[in-house]
Amino acid sequence: MTRPVVAIVCDRITLFGHDAHAAFHGYVHAVAEVSGALPLLLPASGPDLDLDSLLSAVDGLLLTGSPSNVEPSCYAGPAPDPSMHLDRARDATVLQPLPRLVDAGLPLFGVCRGLQELNVAYGGTLHTAVHEQPGLRDHRIGDLKRPLDQWYADKHPVQVQPGGVLARLLPQPSFDINSLHEQGIARLGQGLRVEAQADDGLVEAISVQAAAQFTLAVQWHPEMRVADSAEARTLFAAFGDACRARRAQRLGGART
């Protein structure tokens, strides 16, 4: 039996003076090895993305984390600081189509920026700098001179909200996560559910209330902890199961 196909959203970057599309290997590895799916990189091509073709060809969508932030104008936020790393091509590719993809039954897993994209796509807003908000901790990446594995070490706990997707997947009501983000949810998007919160009250995981399929987004980085975190492996495994169910439905419908 062939594997389900998961589209992994890329960043638009510059490589040797050329526009290019890229995704970190951690996402590719987690999808292939833990979700048990075929990773397929989805370019940040803006209006060139054909949604009907995408829905007919893939069984899941992974919204990756990124060094870039969502452009504040996408959620009526303040003008960005000149130092803020933006990716307007990715914004144009992802934000508008997301509700339609969810409504069509496509399983979705969002990580870090992916959580922020899902929130904005449903009309929510973001703090452009969480560390500047009174009462919220500094959730940023920290010292970039540290070894890479230390970037993704557990930093603070999250509290799982009862009755949601996370509560059904994970037995423990609280566990520790890594934290590498500057933006964060300010106002929750319409129709979204809070799945987990940090100890300072910041929303750390969300889902789409009306979605029958797996639609979960987390603010932390499970893709970098699949080797040593049972929680990380559980999330990617559940996403893979949802993609297999979608594939069976998609191919079954194609034969009728």
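Quick caveat, the model's predicted, so the values are computed rather than measured. (Residues numbered from 1 in each chain as written. Predicted model: local features only at pLDDT ≥ 70, side-chain atom pairs only at ≥ 80, totals over all residues. Heavy atoms only, no water.)

Caption draft 1: Representation of the overall build of the chain in the model. Helix and strand counts for the chain stand at 8 helices and 13 strands. Relative to the compact-globule value of 18 Å for 256 residues, the chain shows a C-alpha radius of gyration of 17 Å, a close match. Projected onto its principal axes, the C-alpha coordinates of the chain cover approximately 55 × 45 × 35 Å. The buried share among the 256 residues of the chain stands at 54%. Long-range pairs, those at least 24 residues apart, make up 69% of the contacts in the chain with a sequence separation of at least 6. Carbon and sulfur atoms form 54% of the exposed surface of the chain, whose accessible area is close to 11,600 Å². Averaged over its 21 positive side-chain charges, the chain has a centre that lies 5 Å from the centre of its 28 negative ones. (Helix = DSSP H or I, 4+ residues; strand = E, 2+ residues; numbered from the N terminus. Rg over C-alpha atoms; globule rule 2.2 N^0.38 Å. Buried < 20%, exposed > 50% of the residue type's maximum accessible area, 1.4 Å probe, protein only. Contact = heavy atoms within 4.5 Å. Areas by Shrake-Rupley, 256 points an atom, 1.4 Å probe, with all protein chains shown as cover. Lys, Arg positive; Asp, Glu negative; His and termini not counted. Charge placed at Lys NZ, Arg CZ, Asp CG, Glu CD.)

Caption draft 2: The pattern of salt bridges, seen in detail. The full count for this structure, using the stated rule, is 15 salt bridges. Of the charged contacts in the structure, one is a salt bridge between aspartate 19 and arginine 12, with a shortest N-O distance of 3.4 Å. The closest approach of N and O atoms between arginine 137 and aspartate 199, which form a salt bridge, is 2.8 Å. Separated by 62 residues along the polypeptide, arginine 137 in the loop between β7 (125-127) and α6 (148-151) and aspartate 199 in the loop between β11 (192-198) and β12 (203-208) bring together distant segments of the chain. Among the residues examined, aspartate 199 registers a relative accessible area of 47% and is labelled partly exposed. Among the charged side chains, a salt-bridge network with shared partners connects Asp11, Arg90, Asp91, Arg113 and Glu117. (Salt bridge = Lys/Arg side-chain N within 4 Å of Asp/Glu carboxyl O.)

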